[in-house]
Amino acid sequence: DANEGIIVAALADSGKSGVLVEINCETDFVAKNANFQAFVGEVAATVLASDTTDLEAAKALPKGDGTLEGFITAKVLEMGENLQFRRFERLSLNGEGGVASYIHLGGKVGVLIEVSAEKGETASSDVFKDLVKDLTLHIAATSPAGLKREDIPAELIESEKDIFRKQMEGAGKPAEILEKIIEGKLGKFYSERCLLEQGFVKDPDTTVKTLLELKSKELGDTVTVNNFFRFGLGE
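A brief report on the enclosed structure follows.

Criteria and cut-off values
Residues numbered from 1 in each chain as written. Predicted model: local features only at pLDDT ≥ 70, side-chain atom pairs only at ≥ 80, totals over all residues. Heavy atoms only, no water. Pairing = 2+ DSSP bridges. Helix = DSSP H or I, 4+ residues; strand = E, 2+ residues; numbered from the N terminus. Axes fitted to C-alpha atoms, helices over the stretch in contact; angles between N-to-C directions. Expected span 1.5 Å × (residues − 1). Buried < 20%, exposed > 50% of the residue type's maximum accessible area, 1.4 Å probe, protein only. Arc of directions from axis to C-beta. Core = buried A, V, L, I, M, F, W, Y, C linked by side-chain atoms within 4.5 Å. Contact = heavy atoms within 4.5 Å. Parallel < 35°, antiparallel > 145°, perpendicular 65-115°, else oblique. Left-handed = near helix turned anticlockwise from the far one by under 90°. Nonpolar A, V, L, I, M, F, W, Y, C, P; charged D, E, K, R; others polar. Phe/Tyr/Trp six-rings, centres within 6.5 Å; stacked < 30°, edge-to-face > 60°. Lys NZ or Arg CZ within 6 Å of the ring centre and 35° of its normal.

Let us look at the sheet that holds strand β5 (residues 84-92). Spatially, β1-β2-β5 is the arrangement adopted by the 3 strands of the open sheet, whose pairing is antiparallel. The open sheet has two edge strands with one neighbour each: β1 (4-11) and β5. Strand after strand, the sheet turns through a mean of 15° between neighbouring axes, direction not considered. Bridge count for strand β2 (residues 17-25) against β5 is 8 bridges, and the pairing is antiparallel.

Right under this line is the structure:
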């Protein structure tokens, strides 16, 4: 089974687009191999150069004398291990700001983020760059389930509600009261799983939303997190 591997990111020179890619292999030994890592980099660069957002379409991209899938198959034969192009995500920014990435633990965790601004000079400022870097580190550490409440998968919310219902069994309260209590408990869940509501890792008393507001004021601009992706190897 291909349970090891690495996550890599590839960013466009413009700083306005990027991809996050996970490729799996069988052993940690191969994952740390320079040949394998260079191969993963080539896959990521090929995907970045296209505009596809679909995995099967990405595998069909031209590569060398054939396709990207053929390029991967050739590497399987060369390395003698099962290699799988498992997934990728793309972010592209229209307007000012930037797309940035962070790879943690030697490729075990990867983050891709899109942060917009209104002024062209903002993205080149150290304050903006430091903010974006801090946000990628925060996302790697806290693994938010979504940017805001509307982005949290419905099945995850229902699963949490079921947990709360089981906790309240035998409380003897009317159903409508129980549902109100459950909705109240969801507030804490959202504060833990929504990026904008999370306490910032470097200052837990400040939410990410407040951090963005403070940095926007410092920059004299409006800075907004539009989207992000976080991959954990095999997750």
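Moving on, we come to helix α4 (residues 68-79). The end-to-end C-alpha separation of α4 is 17 Å, in line with the 16 Å expected for 12 residues at 1.5 Å each. Three or more residues of α4 are buried, namely Leu68, Ile72, Lys75 and Met79. End-on, the buried residues of α4 take up no more than an arc of 60°, which puts them together on one face. Remark: glycine 80 follows α4 within two positions and exhibits a positive phi of approximately 70°.

A separate point is the nonpolar core. Formed by 24 residues in total, the largest nonpolar core has its most connected members in Val21, Ile23, Phe36, Phe39, Val43, Val47 and Phe85. Of all the elements in the fold, those that place two or more residues in this core are β1, β2, α1 (28-31), α2 (34-48), α4 and β5. Per-element accounting of this core gives the leading share, 7 residues, to α2. Once you skip the residues sitting within four places of it in the chain, valine 21 turns out to touch Ile6, Ile7, Val8, Ala44, Phe85, Arg87, Phe88 and Phe231.

This next bit is on the packing of helix α6 (residues 154-168) against helix α7 (residues 175-193). At their nearest, the axes of α6 and α7 sit 10 Å apart, and the two run at 130° to each other. It follows that α6 is oblique to α7 by the angle criterion. Taken as a pair, α6 and α7 cross one another with a handedness that is right-handed. Here Leu156, Ile157, Glu160, Lys161, Phe164, Arg165, Gln167 and Met168 of α6 come into contact with α7, specifically with Leu178, Glu179, Ile181, Ile182, Glu183, Lys185, Leu186, Phe189, Tyr190 and Arg193. Within the contact of α6 with α7, the residues separate by chemical class into 10 nonpolar, 1 polar and 7 charged.

Turning to the environment of lysine 16, a few remarks are in order. Its location among the elements puts lysine 16 in the loop between β1 and β2. Taking the relative accessible area as the measure of exposure, lysine 16 reaches 24% and is therefore partly exposed. With 63 residues separating them in the primary sequence, lysine 16 and methionine 79 have C-alpha atoms 34 Å apart. Filtering out sequence-adjacent residues up to four positions away, lysine 16 remains in contact with Leu91, Ser92, Leu93, Gly95, Glu96, Gly97 and Val99.

With that out of the way, let us pick up the packing of aromatic side chains. Counting across every chain of the model gives 4 aromatic pairs. Relative to phenylalanine 71, the ring of phenylalanine 39 lies with its centre 5.5 Å away and its plane at 40°, an arrangement referred to as tilted. In this pair, phenylalanine 39 sits in helix α2 while phenylalanine 71 sits in helix α4, placing the two residues 32 residues apart along the sequence. Judged by centre distance (6.1 Å) and plane angle (35°), the ring pair of phenylalanine 85 and phenylalanine 88 falls under tilted. Taken individually, phenylalanine 85 and phenylalanine 88 each receive the classification buried, so the pair is uniform in this respect. The structure contains a cluster of three or more aromatic residues connected by ring pairs, namely Phe36, Phe39 and Phe71. Between lysine 63 and the ring centre of phenylalanine 71, over which it is positioned, the NZ or CZ distance is 4.9 Å. Its end group placed over the ring of phenylalanine 231, arginine 87 keeps NZ or CZ at 3.8 Å from the ring centre.

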